[in-house]
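Next come the chains, spelled out residue by residue.
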Amino acid sequence: MIVRDYHSTKIYGILALLLLTLSVTALSSGPLAGNIISLVDALVSEDASILAATFWQLRLPRVVLALMVGSALAVAGVTMQAIFRNPLAEPGLTGSSSGAALAAATVIVLAPYENHAAMLPLVAFLGALLATLLVLSFPVSAGDQMASLLLLGIAINAVSSAGLGFLSFVADDFALRSLTFWQFGSLGKASWEDLAWATAIASPALGWLLCQGRVLNGLLLGERDAHCLGIDVHRFKVCALLACSVCVGTAVACAGIIGFVGLVVPHLLRLVVGPDHTRLLPASLLAAPALVLAADTLARTVVSPAELPIGILTALLGGPFFIYLLLQRSRTSA
Amino acid sequence: MLELDQVTLFRQQRQVLGPLSLSLKSGQFCAVLGANGAGKSSLLSLLSGLDAPASGRLSFAFANGRHTIRQLAQHRALMPQFHALGFDFSVREVVMLGRTPHHGMCDAKDHRKLTDKALALSGMLDFSGRRYTRLSGGQQARVQFARALAQLNCGEGGDKLLLLDEPTASLDLRYQLLIMKCIRQLCDAGLCCVAVLHDINLAAQFADLIVLLDQGKAAAVGAPSETLTEPLLSRVFQLPVRVLDNVFPDRPMIAMP
């Protein structure tokens, strides 16, 4: 009996079309919306219009950031789930996203009125990397390494959450608004300058992770079997966790913590393309940016001209889905 | 193919294996027997490179000292004792994982051909589209056996070492026989196999060489007729054992009174 036949090419096509449609929708919607024709008119016209400036300076970088953040989070999520052999693992499991947010929040609260727009992403990125290095440098025996990494990640996440809570408590109103950005995420601060450095840093890590599908498949058999398949498990894990940390750190540095994307997208895609990482990784590269774009377009249009933090929307979508997954799991094991 | 010279293995400052010496040639089928905790799986851990010997010398015909883990994996495969897999792969996908160390060395058609051959040898070809997690324990064991075969090009190409940790433990009688016959045929064609077994009669029927382990040390190493004797087996398993020489003409049969 044949259970599944994956039409990967067709699925990639559908996902690419969805991403394209959402990108065009995002580019042509907003307070200055008009329609796609007036946008094209403004872009081809030689006169500098507000709509054209909005497109080049606000909407396009925002869409590109959504693509970058979505891909980084989903590819890191897929990798984490394979390394920990747990479909409930998420990209920030080793403390990278909360470490980034804590580092940024510390700067915001200690110097609330400074102009630290240029410095914050760098601080956040370093916070993410530091948290992961802390987890990786902890001496653990080889036998229970994964459980120890997981527990250390949980501990670092807990300490970071406590730190963020304390900083929110002592912050003044002005700093509190900035903190909300890091805790719930927003693509509103997208700029070409940030995109340039973020892409330069995240692309090599992302590109390397995308080529590791076969190794991740092997890891799912367990570390001993993966070793017997010719995989240098320890070295790969260190490299992959650092690459994930770079991806997550860059995403958080540019857009704050956007929850559930890295958890939900791999799950949804496994239902469609199966668990093979050579298909899952490219599919997540298309699907996650689509989800982030959809959530961001909703976030900036439903309460326009104000803007909802995007993390609230992704969590709102992801939370119920997570409960559904847990119910499915308990039903399967029963 | 394989040479162990006074090899020892320690875990948490406790010696779990050795000193053990053993020499295996291509085409030999070696069965490792012994009571629970005698060091059988530890021996497989050593041979599969998961553990390094504390002392002594361990050498393989296919390893030249400058080999990578991947190059070793092209010549040596381990079928584990436990077969759990958390993600919902199909049977074919699991067997294809065995082709991981050969990626880029042959085209997709050859990978598929060898995967099909491995599935056929383990009697799982008709199940190739089924989900692995929905199979019974015995079927999963056969899939893992097929994966190990796929990793070794189904024995083609020479210098292949197959390591099996209780391959027949969860199989019914028919498939115990099928798998053992398959191993025997592959060994006759040049493969070298080391299998941890609990069924002494299967070992007596199919193996060329028996390693009888007792508290980490070799109680006996040799042909089935030399090693499977009443005093040795009774001592190793701490149980009165009868060896019947008159049931089969060329091999002993072991019974418990």
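Trainee: Please clarify how the overall build of chain B should be interpreted in this entry.
Mentor: When its secondary structure is counted, chain B shows nine helices and 11 strands. A compact globule built from 257 residues should have a C-alpha radius of gyration of about 18 Å, and chain B, at 18 Å, falls within 12% of that. Expressed as a percentage of its 257 residues, the buried residues of chain B come to 47%. Pairs at least 24 apart in sequence give 68% of the contacts found in chain B among residues at least 6 apart.

Trainee: Looking at this structure, I do not really get the overall build of chain A. What am I missing?
Mentor: Of the regular secondary structure elements, chain A holds 14 helices and zero strands. Shown N-terminal to C-terminal, the secondary structure of chain A runs as helices and strands in the order α-α-α-α-α-α-α-α-α-α-α-α-α-α. Counting over 334 residues, chain A shows a buried share of 49%. Within chain A, residue pairs in contact and separated by at least 24 positions form 78% of the contacts whose partners lie at least 6 positions apart.

Trainee: Would you explain the sheet that holds strand β2 (residues 14-24) of chain B in this entry?
Mentor: Backbone hydrogen bonds hold the strands of a sheet together, and the pairing may be parallel or antiparallel. Residues and elements named next belong to chain B. Spatial strand order, β2-β1-β4: three strands in an open sheet with antiparallel pairing. Among the strands making up the open sheet, the edge pair consists of β2 and β4 (55-60). Ignoring strand direction, the axes of neighbouring strands in this sheet form an average angle of 25°.

Trainee: In this structure, what is going on with the pairing of strand β8 (residues 209-214) of chain B? I would like to understand it.
Mentor: Looking down a regular strand, the side chains alternate between one sheet face and the other. Residue and element names in this part refer to chain B. Most of β8 is tucked away, with five of its six residues classed as buried. In this structure, strand β3 (residues 29-34) lies alongside β8, joined through five bridges in parallel fashion. Residue pairing for β8: A31 is matched across the bridge by I210. When β8 meets strand β9 (residues 217-222), the two strands line up antiparallel, connected through five bridges. Within the sheet, the bridge partner assigned to I210 lies in β9 and is G222.

Trainee: Help me understand the packing of helix α5 (residues 119-137) of chain A against helix α11 (residues 233-255) of chain A in this model?
Mentor: How two helices pack is summed up by the angle between their axes together with the distance between the axes. Residue and element names in this part refer to chain A. Two numbers describe how α5 lies on α11: the axes approach to 8 Å, and their chain directions differ by 155°. Judged by the inter-axis angle, α5 sits roughly antiparallel to α11. Every pair of crossing elements has a handedness; the one defined by α5 and α11 is right-handed. For the pair α5 and α11, contact is made by P121, A124, F125, A128, L129, T132 and L136 and by V238, L241, L242, S245, V248, G249, T250, V252, A253 and C254, respectively. By residue class, the composition of the contact of α5 with α11 is 13 nonpolar, four polar and no charged.

Trainee: What is the right way to read helix α13 (residues 277-301) of chain A from this model?
Mentor: One turn of an α-helix holds 3.6 residues; hence residues three or four places apart share an orientation. All names here are of chain A. The end-to-end C-alpha separation of α13 is 35 Å, in line with the 36 Å expected for 25 residues at 1.5 Å each. The sharpest bend along α13 reaches about 35° and sits at S284. In terms of burial, α13 is largely enclosed, as 20 of its 25 residues are buried.

Trainee: Is there a simple way to explain the confidence of the model for chain B in this structure?
Mentor: Low pLDDT means the predicted atomic positions in that stretch should not be read closely. For chain B, the mean per-residue pLDDT works out to 92, and 100% of the residues sit at or above 70. Interface scoring of the predicted complex returns ipTM 0.90; its pTM is 0.88.

Trainee: Looking at this model, I keep getting lost on the packing of helix α1 (residues 8-28) of chain A against helix α3 (residues 50-83) of chain A. Mind explaining?
Mentor: Residue and element names in this part refer to chain A. Between α1 and α3, the shortest axis-to-axis distance is 9 Å and the interhelical angle comes to 150°. Our classification of the angle between α1 and α3 gives roughly antiparallel. Considering only the axes of α1 and α3, their crossing is right-handed. Each of S23, A26 and L27 in α1 lies in contact with α3, whose residues at this interface are F55, R59, L60 and V63. For the contact of α1 with α3, the per-class residue count stands at five nonpolar, one polar and one charged.

Trainee: What exactly am I supposed to notice about the sheet that holds β3 of chain B here?
Mentor: All names here are of chain B. Taken in spatial order, the six strands line up as β5-β6-β7-β3-β8-β9 in an open sheet, and their pairing is mixed. Every other strand in the sheet has two partners, leaving β5 (76-79) and β9 as the edge strands with one partner each. Within the sheet, the average angular offset between the axes of one strand and its neighbour, ignoring direction, is 15°. Across the sheet, helix α5 (residues 137-151) touches β5 and β6 (161-165), and the angle it forms with β5 is around 175°.

Trainee: Any chance you could explain the interface of chain A and chain B here in plain terms?
Mentor: Interface size, as often reported, equals the accessible area lost upon joining of the parts. Contacts between the two partners involve 19 residues from chain A, matched on the other side by 25 residues from chain B. Secondary-structure elements contributing two or more residues to the side of chain A that touches chain B are α9 (213-219) and α10 (223-228) of chain A. At four residues, α10 of chain A tops the list of elements feeding residues into the side of chain A that touches chain B.

Trainee: What is the right way to look at unusual backbone geometry in this model?
Mentor: For residues that are not glycine, phi is negative in most cases, and the peptide bond is trans in most cases. Residue and element names in this part refer to chain B. A cis geometry characterises the amide bond from G18 onward to P19, with omega recorded as 0°. Within the chain, Q6 stands out as a residue other than glycine whose phi angle is a positive 50°. Examined against the element boundaries, Q6 turns out to sit in strand β1 (residues 2-11). For Q238, which is not glycine, the phi torsion reads 50° and is therefore positive. Position of Q238 among the secondary structure elements: in the loop between α9 (230-237) and β10 (242-244).

Trainee: How should I be thinking about the nonpolar core in this particular structure?
Mentor: As a rule of thumb, nonpolar side chains are buried together in soluble globular proteins. Counting residues in hydrophobic clusters, the biggest one holds 180 residues, and the most contacted among them are V69, A72 and C247 of chain A together with C193 of chain B. Counting residues per element, this core draws most heavily on α3 of chain A, which supplies 15 residues. For C193 of chain B, the contacting residues outside a window of four places in its chain are F29, C30, L162, L164, I183 and C187 of chain B.

Trainee: What is the right way to read helix α6 (residues 173-188) of chain B from this model?
Mentor: Residues and elements named next belong to chain B. Its 16 residues give α6 an end-to-end C-alpha distance of 22 Å, which sits within 8% of 22 Å, the value for a rise of 1.5 Å per residue. On the buried face of α6, the contacting elements are β3, α4 (108-121), α5, β7 (192-196) and α7 (200-206). One or two positions beyond α6, positive phi appears at G190, with a value near 120°.

Trainee: Explain the environment of R99 of chain B here, please?
Mentor: All names here are of chain B. On the secondary structure map, R99 appears in the loop between α3 (91-97) and α4. For the pair R99 and D116, spaced 17 residues apart in sequence, the C-alpha separation works out to 12 Å. Aside from chain neighbours lying at most four places away, what touches R99 is H111, L114, T115 and A150.

Trainee: Before we go on, may I ask you to explain the environment of L78 of chain B in this structure?
Mentor: Take L78 of chain B: it is sitting in strand β5. For L78 of chain B and G18 of chain B, which are 60 residues apart along the polypeptide, the C-alpha to C-alpha distance reads 21 Å. Aside from chain neighbours lying at most four places away, what touches L78 of chain B is C228 of chain A together with L44, S48, A148 and L163 of chain B.

Trainee: Explanation requested: the confidence of the model for chain A in the structure shown.
Mentor: Residues and elements named next belong to chain A. Chain-level statistics for chain A give a pLDDT mean of 84 and a share of 89% at 70 or above. For chain A, per-element mean pLDDT is lowest for helix α2 (residues 36-44), which scores 69, and highest for α9, which scores 94. Taken as a whole, residues 1-5 scores under 50 in pLDDT and shows nine contacts with residues more than four places along the chain or in a different chain.

What counts, and where the lines are drawn
Residues numbered from 1 in each chain as written. Chains lettered and ligands numbered in written order. Predicted model: local features only at pLDDT ≥ 70, side-chain atom pairs only at ≥ 80, totals over all residues. Helix = DSSP H or I, 4+ residues; strand = E, 2+ residues; numbered from the N terminus. Rg over C-alpha atoms; globule rule 2.2 N^0.38 Å. Buried ≥ 20, exposed ≤ 12 C-beta atoms within 10 Å, placed from the backbone. Contact = placed C-beta atoms within 7 Å. Pairing = 2+ DSSP bridges. Axes fitted to C-alpha atoms, helices over the stretch in contact; angles between N-to-C directions. Parallel < 35°, antiparallel > 145°, perpendicular 65-115°, else oblique. Left-handed = near helix turned anticlockwise from the far one by under 90°. Nonpolar A, V, L, I, M, F, W, Y, C, P; charged D, E, K, R; others polar. Expected span 1.5 Å × (residues − 1). Bend = angle between axes of the 7 residues up to and from the residue. pLDDT = per-residue confidence, 0-100. Core = buried A, V, L, I, M, F, W, Y, C linked by C-beta atoms within 7 Å.

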